[in-house]
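Results of the structural survey
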Amino acid sequence: MQEMRFKVQGSALEPYEVVFVKRSEKNLSAYCSCPAGENGQYCKHRFNILAGITKGIVSRNEADVKTVQSWLPGTDVETAIEKMRELEKEAEKIKKALSSAKKDVAKAMRD
């Protein structure tokens, strides 16, 4: 098991603690002390680090972000992120189609 810790400055006065734990080749866990992270919700601090974004890290270990990123391939987290991204693309397509349909309704009402 490997572990990596970061301090990330968020909206609170005190930095949040973000922890990544590589439990096995297929299991990666990530925790954050921000309100969203503590409630098991989407947390931008964890996602930013996984995306290689070092902005906000105040623990002076920005170089460790690359190590955490190297843990991602083949894990359950990578699979879940890929699914999320696919759904985001689908949602964007639906949003555009809905906007177009609303315009069509508005146009039909003006005839």
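Residues numbered from 1 in each chain as written. Predicted model: local features only at pLDDT ≥ 70, side-chain atom pairs only at ≥ 80, totals over all residues. Heavy atoms only, no water.

Let's shift gears to the overall build of the protein chain. Of the regular secondary structure elements, the protein chain holds 4 helices and 3 strands. When the helices and strands of the protein chain are listed from N to C terminus, the series reads β-β-β-α-α-α-α. Against the 2.2 N^0.38 benchmark of 13 Å for 111 residues, the protein chain shows a C-alpha radius of gyration of 19 Å, more extended than a compact globule. Once the C-alpha set of the protein chain is aligned to its principal axes, its extents read approximately 65 × 35 × 25 Å. Here the protein chain, with 111 residues, has 25% of them falling under the buried criterion. (Helix = DSSP H or I, 4+ residues; strand = E, 2+ residues; numbered from the N terminus. Rg over C-alpha atoms; globule rule 2.2 N^0.38 Å. Buried < 20%, exposed > 50% of the residue type's maximum accessible area, 1.4 Å probe, protein only.)

This part is about the sheet that holds strand β2 (residues 16–22). Pairing is antiparallel in the open sheet, where 3 strands are placed in the order β1-β2-β3. Strands at the two margins of the open sheet, each flanked by one partner only, are β1 (2–8) and β3 (28–32). Pairwise comparison of adjacent strand axes, ignoring direction, gives a mean angle of 15° for this sheet. Sheet topology note: the β1/β2 ladder contains 7 bridges and is antiparallel. Within the sheet, the bridge partner assigned to K7 lies in β2 and is E17. Relative to the sheet, helix α3 (residues 64–71) contacts β1, β2 and β3, its axis offset from that of β1 by approximately 130°. (Pairing = 2+ DSSP bridges. Axes fitted to C-alpha atoms, helices over the stretch in contact; angles between N-to-C directions. Contact = heavy atoms within 4.5 Å.)

All right, on to unusual backbone geometry then. A positive phi is found at R60, a non-glycine position, where the angle reads about 60°. Its location among the elements puts R60 in the loop between α2 (44–50) and α3. Take R60: its relative accessible area is 78%, and that puts it in the exposed class.

Topologically, E90 is positioned in helix α4 (residues 76–110). In this structure the C-alpha to C-alpha distance between E90 and V77, which are 13 residues apart in sequence, comes to 20 Å.

Here we take up α3. All of the buried residues in α3 are V65, V68 and W71. In a view along the axis of α3, the buried residues occupy a sector of 110°, so they form one face of it. Its buried side turned inward, α3 meets β1, β2, β3 and α2. (Arc of directions from axis to C-beta.)

Relative to the assigned elements, N61 resides in the loop between α2 and α3. You can call N61 buried: its relative accessible area is 14%. Within polar-contact distance, the side chain of N61 engages the backbone oxygen of R5 at 2.7 Å. If we skip the residues at most four places from it in the chain, N61 touches R5 and F6. (Polar contact = N/O pair within 3.5 Å; in protein donor to acceptor, adjacent residues only side chain to side chain.)

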